[in-house]
Amino acid sequence: MALIDRVARRDEPALKALYDQTSGKLYGLALRVVRNNEWAEDALQETFLQIWRTAPDYRASLSPPMAWLGLIVRSRSLDLLRRRKAEREHLTDEIDEAMADTLEGNSPNPMDTSLASQQAWALHQCLGRLENRQREVVSLAYLRDLSHGELAQQLKLPLGTVKTWIRRGLDQLRQCMAGFA
């Protein structure tokens, strides 16, 4: 109590003596609240700054000296946690924004790539089930983007035959691909 009275009169040696007598217990309390040695040290420093500023307002009739000091260290520790949380949230927001900008690009994401790869494998399996000539006509029609007439001319087949093979081939592919879905 006498040390707090002297600190209230701006006696720096009294503040040092108060620190020497109470810092161990107050540090332990701060450490229990913040669970980080460095943060507990910061909270303890802020505590003694507040003690220096508010010692003239201390009233022994309201609480014992150690209870008052404990309340200050607890408050400073909780304030520190709130500030750290706000800093982390700010950093998290920045990271989220950066990730969103990165992920919103036109490049496919790994899930899309995997799905496309599975679909390509399934299509390859289904094409393998078609008859050779039918597979050739369907492949040329879609991979080389040839019209039915161009296919008929290139393969020297009647136009009706080419159209029938494409239609039947696509029907078979549709049924086969449904089995992979």
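Residues numbered from 1 in each chain as written. Predicted model: local features only at pLDDT ≥ 70, side-chain atom pairs only at ≥ 80, totals over all residues. Heavy atoms only, no water.

Looking at an unreviewed UniProt entry, one finds the chain named Sigma-70 family RNA polymerase sigma factor and attributed to Hydrogenophaga aromaticivorans. Under the UniProt heading Sequence similarities (unreviewed entry), the note attached to the chain is "Belongs to the sigma-70 factor family. ECF subfamily." (UniProt positions renumbered as here; feature names shortened; annotations may be inferred.)

### Observations concerning unusual backbone geometry
Unlike most non-glycine residues, Arg10 shows phi in positive territory, near 65°. On the secondary structure map, Arg10 appears in the loop between α1 (2-8) and α2 (12-34). Phi at Asp145 is positive, roughly 55°, even though this residue is not glycine. On the secondary structure map, Asp145 appears in the loop between α6 (132-143) and α7 (148-155). Asp145 gets classed as exposed once you look at its relative accessible area, which sits at 64%. (Helix = DSSP H or I, 4+ residues; strand = E, 2+ residues; numbered from the N terminus. Buried < 20%, exposed > 50% of the residue type's maximum accessible area, 1.4 Å probe, protein only.)

### Observations regarding α7
The set of residues buried in α7 consists of Leu151, Ala152 and Leu155. For α7, the arc enclosing every buried residue in end-on projection is 100°, short of the 170-degree limit, so these residues lie on one face. Considering only its buried residues, α7 is in contact with α6 and α8 (159-178). The first or second residue beyond α7 is Lys156, which carries a positive phi of 55°. (Arc of directions from axis to C-beta. Contact = heavy atoms within 4.5 Å.)

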